Amino acid sequence: MSRSLLILLLSATVPLAGCTVGPDYRPKTADALGVPDAYSVPADAAAREDLTQWWTRFDDPLLQRLVASAATTNLDVAQAITRLRQARESLVQARADLLPGVSGSAGYSRNINIAGGTSRVTLPDGTVTDISRSSNDSFSIGADASYQADLFGGIRRGVESSRATYQASGYNYASVLISTQGEIARNYMLARQAQANLANARAALGIQDENLQIAGWRVQAGLVSSLDQEQARASRAQTAASVPSIEASYNSAVGRLGVLTGQAPGALKAEMEATRPIPRGPDAVGVGIPAEALRQRPDVLAAERNLAAATAQIGVAKAQLYPALRITGSLDTNATALSHIGDVITGGLFAGLSQLIFDAGRARAQVRSSEAAADGALLAYKGTVLAALEDVENAIFALRTAREREREYTVALDAANSTAILSRSQYQAGLTDFTTLNQAESALLSARNGLVQAQADQATALVQLYVALGGGWDSTTIPEAPPRGSPPGAVATGTPPSPPLQDR
């Protein structure tokens, strides 16, 4: 009778096993996310380029090596890998709930009579004798199994959520990686800019030393008052005062480079000591259309996966409102001798169906909480999309304006250099005063520094654009945690990603 009831109960629940409650996730359309057809700033709409290793487009081998090393040496990237490994193990745990849990046990006990008690036994030769009954042994072996039937898909939704979270962790790793690459390149540009500014300051100091000497001679000759000499001395002191500040900027950038590459702050000072120009990249970058940039951005992909995970959690919460079936079974055997342990085996099977009746609205509140979390994830997804488009447009505009400033400062430097040469020759000939010469040479130093600043801004804006476009990682696969037991510092490539948004 009980066996028939159990079979009937299991047969009734089999059709329900394919039922999954909660909404199915669907990728959002470009219109739903507010993605425009084109950027609002003038941009090269040529086909998107492969930016997986964008740093190779700069003419600087040291820069290329430092940026490429971020994947294996940076500590923030290494921490992102550990978080990715944690997410993988959470997925393994979620999948384990789909299968039965089995546990085993074994036991041995000995009972000893401390005092009293005899036992009559027959010896092999037929003699009957009494002996003391001092102890007896007991052996037992058992196994227990339990299984939570996923009648309404709560466990499957949990696996779905964990898988999406794992994929989001892979994209978060990629976001940390490309951010670190961009930070390394930016600090490298700052270091080279500081070197150029130092060269300008030292060149200006050389000229100002000559001017101070000339002014002294003219004062001694009675041709001018001591005002010229004091002006020359003040001008030189101001230029000299700027040198320590520039050196501090250089030291800060080089120290930051060392830390970003997982080394001590001074580890790269010897390699960076030789003065090199600010790296220049290509003259044009094909940025494509906004939707293409969004498919390349790991932060956008991570936000989309977070939305998928939050959507699946609604099903997990809703499944708690429906009946739950749990099946348990056990096998046990015991004997007084190990050789007889399998003589008698007993077992049991139990199936229990439970249904929530009253919990003061807790379960339904959990459903509403999950729905609110999904709404928040959607808003975060939209915000990430808009922020990504903003990053691209800002980088495009910054690159364009830096190039315009470089062109103008090139003209200004040529004019300031000619003016300074003429002013110096005229001052030596007594045809102009020192104030005019001082102003001309101050304008020359300003033009030189302005040109250096524009060149550095152009290089930095180009790096910013590469990072904004999602360059620096392979977007054709989802980053996965390295195989268990492998050394840290690298990730594995997984399956191709699903599109983060649907076409219109």
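Remember, predicted model here, so these are calculated numbers, not experimental data.

Q: Got a minute to help me understand the overall build of the protein in this structure?
A: Scanning the protein from terminus to terminus reveals eleven helices and ten strands. Here the protein, with 504 residues, has 38% of them falling under the buried criterion. Across the protein, every contact between residues at least 6 apart in sequence was considered, and the portion connecting residues at least 24 apart equals 82%. Working note: accessible area of the protein is about 26400 Å², and carbon and sulfur atoms make up 56% of it.

Q: What is the right way to look at the packing of aromatic side chains in this model?
A: Any pair of aromatic rings gets described here by the distance separating the centres and the angle formed by the planes. Evaluated as defined, the whole model comprises eight aromatic pairs. Ring geometry for W54 versus F58: centroids 6.4 Å apart, planes at 80°, classification edge-to-face. On the basis of relative accessibility, which here comes to 0%, the residue W54 falls in the buried class. Ring centres of Y427 and F434 lie 5.6 Å apart, and the angle between their planes is 70°; on these two criteria the pair is classed as edge-to-face.

Q: Sorry, what's going on with the packing of helix 5 (residues 154-220) against helix 10 (residues 362-428) here?
A: When two helices pack together, you describe them by how their axes are tilted relative to each other and by the distance separating the axes. Contact geometry of helix 5 with helix 10 gives a least axis separation of 11 Å together with a crossing angle of 20°. Classified by the angle between their axes, helix 5 and helix 10 sit roughly parallel to one another. Regarding helix 5 and helix 10, the two cross each other, and that crossing is left-handed. Seen from helix 5, the contacting residues are I207, N211, I214, A215 and R218; seen from helix 10, they are R424, Y427 and Q428.

Q: Would you take a moment to explain helix 10 for this structure?
A: Between its terminal C-alpha atoms helix 10 stretches 92 Å, which fits the 99 Å expected from 67 residues at 1.5 Å a residue. Backbone geometry just after helix 10 places G430 at a positive phi near 80°.

Q: Whenever I open this one, helix 5 confuses me. Can you help?
A: Since one α-helical turn is 3.6 residues long, residues separated by three or four positions face the same way. The first and last C-alpha atoms of helix 5 sit 96 Å apart over 67 residues, in line with the 99 Å expected at 1.5 Å per residue. Immediately downstream of helix 5, the backbone of G222 shows phi near 80°, a positive value.

Q: It is not clear to me how unusual backbone geometry should be interpreted in this structure. Could you clarify?
A: Glycine aside, a negative phi is what most residues show, and trans is what most peptide bonds show. Within the chain, A360 stands out as a residue other than glycine whose phi angle is a positive 65°. Mapped onto the secondary structure, A360 falls in the loop between strand 7 (345-354) and helix 10. Residue classification places A360 among the exposed residues on the basis of a relative accessible area of 64%.

Q: Would you take a moment to explain the side chain of N211 for this structure?
A: Along the chain, the position of N211 falls in helix 5. Aside from chain neighbours lying at most four places away, what touches N211 is A232, R424, F434, L437 and E441.

Q: Before we go on, may I ask you to explain the environment of G182 in this structure?
A: Mapped onto the elements of the fold, G182 is located in helix 5. When the C-alpha positions of G182 and V463 are compared, they lie 6.2 Å apart, and in sequence the two are 281 residues distant. Setting aside residues no more than four positions away along its own chain, G182 makes contact with W54, V463 and V467.

Q: Just to check I follow, could you spell out the environment of S161 for this structure?
A: When you line up the elements, S161 lands in helix 5. When its relative accessible area of 5% is taken as the criterion, S161 is described as buried. Leave out the neighbours within four places in its chain, and S161 touches A309, A312 and Q313.

Q: For this particular structure, what's the right way to read the pattern of salt bridges?
A: If the charged atoms of two oppositely charged side chains come close together, the side chains can form a pair. In the structure shown here, the tally under the stated rule is 19 salt bridges. Here D150 ties to R156 by a salt bridge, and the two come within 3.1 Å at their closest N and O atoms. With a shortest N-O distance of 3.4 Å, E247 and R202 are connected by a salt bridge. Highlighted residues: E247 in helix 6 (residues 226-260) and R202 in helix 5, separated in sequence by 45 residues. Residue R202 is classed as partly exposed on the basis of its relative accessible area of 48%. Among the ionic contacts, a cluster of salt bridges with common partners joins D24, R157 and E160.

Q: I would appreciate a short explanation of empty space enclosed by the protein in the present structure.
A: One water molecule sets the probe size; rolling that probe over the atoms shows where empty space is left. Per the counting criterion, the structure on display carries three cavities of 30 Å³ or more. In this structure, the largest cavity encloses a volume near 60 Å³. Tallying contributions element by element places helix 11 (residues 434-468) first for the lining of the largest cavity, with four residues. For the lining of the largest cavity, the class distribution of residues is four nonpolar, one polar and two charged.

Q: What am I meant to see in the environment of P323 here?
A: Structurally, P323 is set in the loop between helix 9 (298-319) and strand 6 (324-335). In contact with P323, not counting residues within four places along its chain, are L151, F152, L353, S354 and Q355.

Q: For this particular structure, what's the right way to read the packing of helix 4 (residues 75-96) against helix 5?
A: One way to put it is that helix 4 packs onto helix 5 with a least axis distance of 9 Å and a crossing angle of 170°. What the angle tells us is that helix 4 and helix 5 run roughly antiparallel. Facing helix 4, whose interface residues are D76, V77, A80, I81, R83, L84, A87, R88, S90, L91, A94 and R95, helix 5 presents I155, G158, V159, S162, R163, Y166, S169, G170, Y173, V176, L177 and T180. The residue inventory of the contact of helix 4 with helix 5, partitioned by class, reads 13 nonpolar, six polar and five charged.

Thresholds, definitions, all that
The residue numbering used here restarts from 1 in each chain and proceeds along that chain's sequence as written. Where totals are concerned, whole chains, interfaces and linings use all residues; where local detail is concerned, this predicted model gives features only for residues with pLDDT of at least 70, and gives and counts side-chain atom pairs only at 80 or more. The basis for the side-chain values is all heavy atoms of the structure; hydrogens and waters are excluded. The way it works is that DSSP assigns letters per residue, a run of H or I at least four long becomes a helix, a run of E at least two long becomes a strand, and they are numbered from the N terminus. When accessible area is computed with a 1.4 Å probe and restricted to protein chains, residues below 20% of their type maximum are described as buried, those above 50% as exposed, and intermediate ones as partly exposed. The contact definition used throughout considers only heavy atoms, calling two residues in contact when any of these lie within 4.5 Å. Here, Shrake-Rupley sampling with a 1.4 Å probe gives the accessible areas, and only protein chains in the shown set may cover a residue. Side-chain rings of Phe, Tyr and Trp (the six-membered ring for Trp) are treated as a pair once their centres are within 6.5 Å; stacked means planes under 30 degrees apart, edge-to-face means over 60, and tilted covers the remaining angles. Only the stretch in contact is used when a helix axis is fitted, and all axes are lines through C-alpha atoms; the angle between N-to-C directions ranges over 0 to 180 degrees. For classification purposes, angles smaller than 35 degrees are called roughly parallel, those larger than 145 roughly antiparallel, those between 65 and 115 roughly perpendicular, and all remaining angles oblique. A clockwise turn of the near helix away from the far one marks a right-handed crossing, whereas an anticlockwise turn of less than a right angle marks a left-handed crossing. To estimate the expected span of a helix, count its residues, drop one, and scale the result by 1.5 Å. Note on definitions: salt bridges are taken to be side-chain nitrogens of Lys or Arg within 4 Å of carboxyl oxygens of Asp or Glu. Definitions used throughout: a 1 Å grid over protein atoms alone; a cavity as a set of points that fits a 1.4 Å probe which cannot get out; a pocket as an open set with protein on both sides within 12 Å along at least five of seven lines; a lining residue as one with an atom within 4 Å of a point. Grid points are joined across faces, edges and corners, and a volume is the space filled by probe spheres set on the points. Lys, Arg, Asp and Glu make up the charged group, whereas Ala, Val, Leu, Ile, Met, Phe, Trp, Tyr, Cys and Pro make up the nonpolar group; the residues left over, Gly among them, are polar.

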